[in-house]
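Descriptive structure summary
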Amino acid sequence: MVNDADLRHLRRCVELAGEALEAGDEPFGSVLVDAGGTVLAEDHNRVAAGDRTRHPEFELARWSAANMTPAERAAATVFTSGEHCPMCAAAHGWVGLGRIVYVASSEQLAAWLAELGVPALPVRALPIREVVPGAEVEGPVPALAEQVRELHRRFHGGGAS
Ligand SMILES: [Zn+2]
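The following refers to the structure shown. (Residues numbered from 1 in each chain as written. Predicted model: local features only at pLDDT ≥ 70, side-chain atom pairs only at ≥ 80, totals over all residues.)

Looking now at the overall build of the protein. The helix and strand inventory of the protein stands at 7 helices and 5 strands. Secondary structure elements of the protein occur, N-terminal to C-terminal, as α-β-β-α-α-β-α-β-α-α-β-α. Computed over its C-alpha atoms, the radius of gyration of the protein comes to 15 Å, within 12% of the 15 Å expected for a compact globule of 161 residues. If you line up the protein on its principal axes, its C-alpha atoms span 45 × 30 × 25 Å. With 161 residues in all, the protein has 40% of them scored as buried. (Helix = DSSP H or I, 4+ residues; strand = E, 2+ residues; numbered from the N terminus. Rg over C-alpha atoms; globule rule 2.2 N^0.38 Å. Buried ≥ 20, exposed ≤ 12 C-beta atoms within 10 Å, placed from the backbone.)

Bringing helix 2 (residues 56–67) into the picture now. Its 12 residues give helix 2 an end-to-end C-alpha distance of 16 Å, which sits within 8% of 16 Å, the value for a rise of 1.5 Å per residue. Within the span of helix 2, buried status applies to Pro56, Glu57, Phe58, Glu59, Leu60, Ala61 and Ser64. Contact partners of the buried residues in helix 2: strand 1 (29–33), strand 2 (39–44), helix 3 (70–75), strand 3 (77–82) and helix 4 (86–95). (Expected span 1.5 Å × (residues − 1). Contact = placed C-beta atoms within 7 Å.)

One can find Ala76 in the loop between helix 3 and strand 3. With 22 residues separating them along the chain, Ala76 and Gly98 place their C-alpha atoms 5.2 Å apart. Leaving out residues up to four positions away in the same chain, Ala76 has contacts with Leu32, Val33, Asp34, Ala35, Ser64, Met68, Leu97 and Gly98.

Moving on, we come to the pairing of strand 2. Inspection of the sheet shows strand 1 paired to strand 2 by 5 bridges, in the antiparallel sense. Looking across to strand 2, one finds that Ser30 is bridged to Asp43. Connecting the antiparallel pair strand 1 and strand 2 is a turn made up of 5 residues, with Gly37 showing a positive phi of about 95°. (Pairing = 2+ DSSP bridges.)

A sheet is described by the order of its strands in space; here 5 strands give the open sequence 2-1-3-4-5, paired in mixed fashion. Strands with a single pairing partner mark the edges of an open sheet, and in this sheet they are strand 2 and strand 5 (137–138). Sheet topology places strand 1 next to strand 3; 4 bridges connect them, and they run antiparallel. Bridge assignment links Val33 to a residue of strand 3, and that residue is Thr77.

What follows deals with unusual backbone geometry. Each neighbour pair has its own omega, and for Gly139 with Pro140 the value is -5°, a cis peptide bond. By the secondary structure assignment, Pro140 is in the loop between strand 5 and helix 7 (142–155).

Remark: helix 1 (residues 4–22) packs on helix 7, axes separated minimally by 10 Å, with the N-to-C direction vectors making an angle of 5°. Classified by the angle between their axes, helix 1 and helix 7 sit roughly parallel to one another. Packed against helix 1, whose contacting residues are Leu10, Arg11, Val14, Ala17, Gly18 and Leu21, the element helix 7 presents Leu144, Gln147, Val148, Leu151, Arg154 and Phe155 at the interface. Here the contact of helix 1 with helix 7 is built from residues that sort into 8 nonpolar, 2 polar and 2 charged. (Axes fitted to C-alpha atoms, helices over the stretch in contact; angles between N-to-C directions. Parallel < 35°, antiparallel > 145°, perpendicular 65-115°, else oblique. Nonpolar A, V, L, I, M, F, W, Y, C, P; charged D, E, K, R; others polar.)

Our next topic: helix 7. Relative to the 20 Å expected for 14 residues at 1.5 Å per residue, helix 7 spans 20 Å between its end C-alpha atoms, a close match to the ideal helical length. If you check which residues of helix 7 are buried, you get Leu144, Ala145, Val148, Arg149, Leu151, His152 and Phe155. Mapping the buried residues of helix 7 onto a view down its axis gives an arc of 160°, with all of them on the same face. Across from the buried face of helix 7, at angles greater than 90 degrees, the exposed residues are Ala143 and Glu146. Against helix 1, strand 3, strand 4 (99–104) and helix 5 (106–115) lie the buried residues of helix 7. Downstream of helix 7 by a residue or two, Gly157 has a phi angle that is positive, lying close to 75°. (Arc of directions from axis to C-beta.)

Encoded structure:
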C-alpha cells in the first residue's frame, strides 16, 4: 500500500521531474529513502547533454553502492516518477536495493508517448519484475499520474491540455 509518507516522496519525484523539464531534460525524478524514512539522495534525468544512460534511478543505484551497506540498501526504498527502465531495474537489482514505488508505469508512459507521436525508443519498456523477478514494486499511483503525463506532454511539445 502507498501511504502518506510515500505520497510525499512521490510528490518530490514529480517536482524533480519538473526541474529536469525546466533544465531542458526529459521529465523523470527519483528519491532514495532509508529504512527510517530519511531522504538520502535525489536526482533527475540528465540525458540532454548526450549520455542517454543518465537516468536518476541508475545514478541512485550507483550512489547506494558507494555509500550504503548491503543491509541498508535492502531496507531502502526508491521512489520515482516513472517506472524503472530495464537498465535502471537491472542496476537496482545488481546493487540489491529494496522496494520501488513509482507514479507512472512504463506501459502508461509508452502509451502517452505514442499518443504524442514520439518515435519508438531503442530499449523495450519491460515491467521491473521482468528484469528483477524478486523486486518489491508498487505503482502506478493514479493520484499523481496526470501530473507526470502533463510533464511529458510539455517536454514533447504537446502543450498544455
Ligand atoms: Zn532508466
